Amino acid sequence: MIAPASSSPAVSVGRGGERLLERLDLLGEIAALAEGRLPPDVAVRTAATAKRAGERLEHGATHTVVALAGATGSGKSSMFNALAGSDLATVGVRRPTTASTQAAVFTADGTLGADAAGLLDWLGVRRYAVVIEPALAGLVLLDLPDHDSTSAGHRQEVDRMVHVVDVFIWVVDPQKYADAALHEGYLRRFAGHADVTLVALNHVDTLPTDARRAALEDLGRLLTADGLTIARPGLLGKITGKGAGVRLFGVSARTGEGIDDLRGELGARVGERRALVARLDADVDWIADDLEFAIGSVKPGPVPVAATRQLGAALASAGGVDGVVDAVADAHRIRGRQAAGWPPTRWLTRLRPDPLRRLGLDRRRESNATEAAAVPRTSLPPPSPIAAAGVSSAIRRLVDDTAEGLPPVWRRRIVQAADARRGDLDDAIDRAVGAARLPTEQPRWWRALGAVQRVLAGVLVVGLLWLVVLGVVAWLRLPGLPTPRLGEVPWPTVLAVGGAVLGVLLAIAARWATAVGARGRAGRARRTLVDATTEVGERLVVQPVDEELRTLAKLHTLSGRLHS
């Protein structure tokens, strides 16, 4: 049993690790944003890769973890013993004997350091042996259970380990090297990891020379079909860097043929301390390809201004803005008649209720303290089904204009953002309409004309009273009163008729001017109310969508940087 390391190993990623660390930082940012914005499988793999890479890097690149994996009877346990130089693993003839992963830790002095102990603990390896061999110091060689075992636990252990080791060695034999379980389940799936993949054709001692060469060539053809690039032949102890491809060995664990070449390759990889970086780089490349496919090539932009305006107009219609605009115009006409109309008929206008007061929108008598208080609800009716459908249509158009060309999962996120506060729209629109500063102030000319109308009404009254007095005197047959004349017309008649005619004419002129003003105020009120409902749409719909779009655009940018 491995005890916990007494001290944390120094974190070092070796040569070429700086760019890897940058990419892992990007991957961490992507993982933080991935949930709900990427296909679930991609999001899970992104987060798992970032977490796994971070944990592996905590153990540094001092040790290189190499896993021997293969099918039942491939001879990987025999190869494990041959590479270790002693019988550490039990070798079976018919049945698989490796039930759990075991390790050989190669050191220069036979001491298992805290860093190696911590690495084994993270790998979950409880069975290990320390091998003294300075040429391979730093190598952690794992013997995995058979990947084709009938035991589900064995297969799960292999599947777990292939995600955490630095280098794969797939051990195959001449009879089963074309096994579909190996090629489809592992080699093809990890084709992007060719730089950290070795394939050893074991038992070549059982084949004649020509058959051996043909088997290696056929195995190379199968690996190429799996998407693995075959490394060019040459000095096996020299690592040529990324892009070299998978290396193919013909070996015999029984006779030792090819084992020295394989050990030389492992020694070179351990000495270079680059296998960890190459493995994690391949993992990030794998995720980067998935992200590029899932995210697509279209980078999201902000909500178009036209879509925002269309939404504001739809919200205005749902908020009863047309009725409010008509009420502003009607109120202006009624108040104009009350202020500048002909006094004898003004009382008729008071029989009609004030349209704005009826809707709870009369703000003429509000004090500054009242204006600072909470905006009261209006008396406007709730949106009609047609108006509500118009709002839904405007939101759909906004989503369509914004999400064009984006992946379906991103479109769903935009729809969710647009609908997140849908339930608050009606109340917010009503309050916005109620808080809008409508053009209800009285024009100055109303007051002046009202004063003139009162003077003319007074002139009419004086003329009528004068005529009444003259009539009473004549009816009583009293001596006639002196009556001045304007030409042939008595002044009482001039005053009565003139006051009435001029008052009516001024009232007609005032009514026309008020109607013109009402139309102008209706236009101003409409602009004010549409601006208010547009602000509601921006706050409750556009801003959440824009925030989501900025996040999606950041994901797109991070993915591009990860892939570059």
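All residue numbers refer to positions counted from 1 along the written sequence of the respective chain. The predicted nature of this model means local features are confined to residues of pLDDT at least 70 and side-chain atom pairs, given and counted, to a pLDDT of 80 or more, with totals for whole chains, interfaces and linings taken over all residues. Only hydrogens and water are set aside when side-chain values are computed; all heavy atoms of the structure are taken into account.

> Teacher, can you tell me more about the overall build of the chain here?
Only DSSP runs of H or I reaching four residues or more are called helices, and only runs of E reaching two or more are called strands; each is numbered from the N terminus. Scanning the chain from N- to C-terminus turns up 19 helices and nine strands. Relative accessibility under 20% of the residue-type maximum defines a buried residue, over 50% an exposed one, and the middle range a partly exposed one, all with a 1.4 Å probe and only protein chains included. The buried share of the chain, taken over its 564 residues, is 46%. Between two residues, a contact is recorded if the distance between any of their heavy atoms is within 4.5 Å. Taking the contacts inside the chain whose residues are at least 6 apart along the sequence as the reference set, 79% of them involve residues at least 24 apart. Accessible surface area values rest on a Shrake-Rupley calculation with a 1.4 Å probe, where residue burial reflects the displayed protein chains alone. Accessible surface computed for the chain: about 27400 Å², of which carbon and sulfur atoms make up 57%.

> Help me out: how do you make sense of the pairing of strand β7 (residues 247-250) in this one?
Regular strands show a simple pattern: their side chains alternate between the two faces of the sheet. Of the two faces of β7, only the one carrying R247 and F249 is buried; L248 and G250 on the other face are not. Strands were regarded as paired on the criterion that DSSP finds at least two bridges between them. As defined by bridge partners, strand β6 (residues 197-201) adjoins β7 across four bridges and the pair is classed as parallel. From the neighbouring strand, V199 faces β7, where its bridge partner is L248.

> Is there a simple way to think about the packing of helix α9 (residues 275-295) against helix α19 (residues 491-563) in this case?
The relative placement of two packed helices comes down to the angle between their axes together with the axis-to-axis distance. What counts as an axis is a line fitted to C-alpha atoms, over the stretch in contact for a helix, and the angles between N-to-C directions run from 0 to 180 degrees. Across the interface, α9 lies against α19 with an axial gap of 9 Å and an inter-helix angle of 140°. By the angle between their axes, α9 is oblique relative to α19. Two packed elements cross with a definite hand, and for α9 against α19 that hand is left-handed. Along the contact surface, α9 presents V284, A288, D289, L291, E292 and I295, while α19 presents L555, H556, S559, L562 and H563. When grouped by side-chain class, the residues that make up the contact of α9 with α19 number six nonpolar, three polar and two charged. Put simply, angles under 35 degrees are roughly parallel, angles over 145 are roughly antiparallel, angles from 65 to 115 are roughly perpendicular, and the rest are oblique. Take the far helix as the reference: if the near one is turned anticlockwise from it by less than a right angle, the crossing is left-handed, and if turned clockwise, right-handed. Polarity classes work like this: nonpolar for Ala, Val, Leu, Ile, Met, Phe, Trp, Tyr, Cys and Pro, charged for Asp, Glu, Lys and Arg, and polar for all others, with Gly in that last group.

> Would you mind showing me how to read the pattern of salt bridges here?
If charged atoms from side chains of opposite charge come close, those side chains can pair. Any carboxyl oxygen of Asp or Glu within 4 Å of a side-chain nitrogen of Lys or Arg constitutes a salt bridge here. On inspection of all chains with the given rule, the structure shows 31 salt bridges. Residues E548 and R37 are paired through a salt bridge, measuring 2.7 Å at the closest nitrogen-oxygen approach. Within this pair, whereas E548 is found in helix α19, its partner R37 is found in the loop between α1 (17-34) and α2 (40-57), the two being separated by 511 residues in sequence. Residue E548 is classed as buried on the basis of its relative accessible area, which comes to 7%. For D121, the salt bridge is made with R126, and the minimal N-O distance between the two is 3.8 Å.

> Looking at this structure, I do not really get the sheet that holds β7. What am I missing?
Note: strands within a sheet are paired through backbone hydrogen bonds, in either parallel or antiparallel orientation. Reading across the sheet, the seven strands line up as β3-β2-β4-β1-β5-β6-β7 and stay open at both edges, with mixed pairing between neighbours. Two strands bound the open sheet, and with one partner strand each, they are β3 (127-132) and β7. Within this sheet the neighbouring strands show an average axis-to-axis angle of 20°, counted without direction. The pairing of strand β1 (residues 64-70) with strand β4 (residues 139-143) spans five bridges and is classified as parallel. Residue L68 lies in a different strand from β4, and its bridge partner there is D143. Packed onto the sheet, helix α7 (residues 209-225) meets β5 (167-172), β6 and β7 and runs at close to 155° relative to β7.

> Help me out: how do you make sense of the confidence of the model for the chain in this one?
A low pLDDT score tells you not to read the predicted coordinates there in detail. Each residue gets a pLDDT score, which is the predictor's confidence in that residue and runs from 0 to 100. Confidence in the prediction of the chain, expressed as mean pLDDT, is 85, and 90% of residues score 70 or more. Within the chain, β4 carries the highest mean pLDDT (95), whereas helix α14 (residues 368-372) carries the lowest (44). Segment residues 92-96: pLDDT under 50, and four contacts once partners within four positions in sequence are set aside and those in other chains are kept. Under a pLDDT of 50 for its full length, residues 234-243 has, in the predicted model, 20 contacts with residues more than four places off or in other chains.

> Got a minute to help me understand the packing of α1 against α9 in this structure?
Direction vectors running N to C along α1 and α9 enclose 40°, while the axes themselves pass 10 Å from each other. It follows that α1 is oblique to α9 by the angle criterion. Considering only the axes of α1 and α9, their crossing is left-handed. Residue-level contacts link G17, L20, R23, L24, L27 and I30 of α1 to V277, L280, D281, V284, D285, I287, A288 and L291 of α9. Here the residues of the contact of α1 with α9 sort into ten nonpolar, one polar and three charged.

> Please explain the nonpolar core as it appears in this structure.
Across soluble globular proteins, nonpolar side chains show a tendency to be buried alongside one another. Residues grouped as a nonpolar core are buried Ala, Val, Leu, Ile, Met, Phe, Trp, Tyr and Cys residues, joined through side-chain atoms within 4.5 Å. By size, the foremost hydrophobic cluster in this structure holds 75 residues, and its most contacted members are L38 and L438. Top element by residues in this core is α19. It accounts for 15 residues. When residues no more than four places from it in sequence are discounted, the contact partners of L438 are V324, V328, L356, L361, A525 and L529. Counting 40 residues, the second largest nonpolar core, distinct from the first, contains A103, L119, L182 and L201.

> Looking at this structure, how should I read unusual backbone geometry?
When glycine is set aside, most residues are seen to have a negative phi, and most peptide bonds are trans. You will see that H203, though not glycine, has its phi angle at about 65°, which is positive. Residue placement: H203 occurs in the loop between β6 and α7. Using a relative accessible area of 26% as the deciding quantity, one classes H203 as partly exposed. Positive phi, normally seen in glycine, also occurs at R273, with a value near 55°. Its location among the elements puts R273 in the loop between α8 (259-272) and α9.

> Would you explain the packing of aromatic side chains in this entry?
When we look at a pair of aromatic rings, we describe it by the centre distance and by the angle of the planes. By convention, a stacked pair of Phe, Tyr or Trp rings (six-membered ring in the case of Trp) has centres within 6.5 Å and planes under 30 degrees apart, an edge-to-face pair has planes over 60 apart, and any other such pair is tilted. Per the counting criterion, the structure on display carries five aromatic pairs. When the centroid spacing of 6.1 Å and the interplanar angle of 20° are considered together, the rings of F168 and W170 count as stacked. For the pair formed by F168 and W170, the shared burial category is buried. Between the aromatic rings of W445 and W446, the centroid separation amounts to 6.3 Å while the plane-to-plane angle is 80°, which identifies the pairing as edge-to-face. Take W446: its relative accessible area is 1%, and that puts it in the buried class. Through a chain of ring-to-ring contacts, the aromatic side chains of F168, W170, Y186, F190 and W286 assemble into a single cluster. The aromatic ring of W286 is capped on one face by R45, whose charged end is 4.5 Å from the ring centroid. Throughout this description, the term charge over a ring refers to an Arg CZ or Lys NZ atom that lies within 6 Å of the ring centre and within 35 degrees of the ring normal.

> Got a minute to help me understand α9 in this structure?
To estimate the expected span of a helix, subtract one from its residue number and multiply by 1.5 Å. With 21 residues, α9 should reach 30 Å at 1.5 Å per residue; the first-to-last C-alpha distance of 30 Å fits that figure. With 15 of its 21 residues buried, α9 lies for the most part within the structure. G296, located one to two residues past α9, shows a positive phi value of around 85°.

> What should I look at first to understand a nonpolar patch on the surface in this one?
Residues with no salt bridge and a relative accessible area higher than 30% make up the patches, which join like charges within 9 Å and nonpolar side chains (Val, Leu, Ile, Met, Phe, Trp, Tyr) within 5 Å. A surface patch of nonpolar side chains, amounting to about 510 Å² of accessible area, comprises V497, V501, L502, V504, L505 and I508. As for its position among the elements, V501 is in helix α19.

> Could you clarify how one ought to interpret the side chain of T107 in this entry?
Checked against the element boundaries, T107 lands in strand β2 (residues 102-107). Here a polar contact is taken to be a pair of N or O atoms separated by no more than 3.5 Å, where protein atoms must pair a possible hydrogen donor with a possible acceptor and residues adjacent in sequence count only if both atoms sit in side chains. A polar side-chain atom of T107 sits 2.8 Å from the main-chain amide nitrogen of G110. Leave out the neighbours within four places in its chain, and T107 touches V130, V131, I132, E133, P134 and A137.

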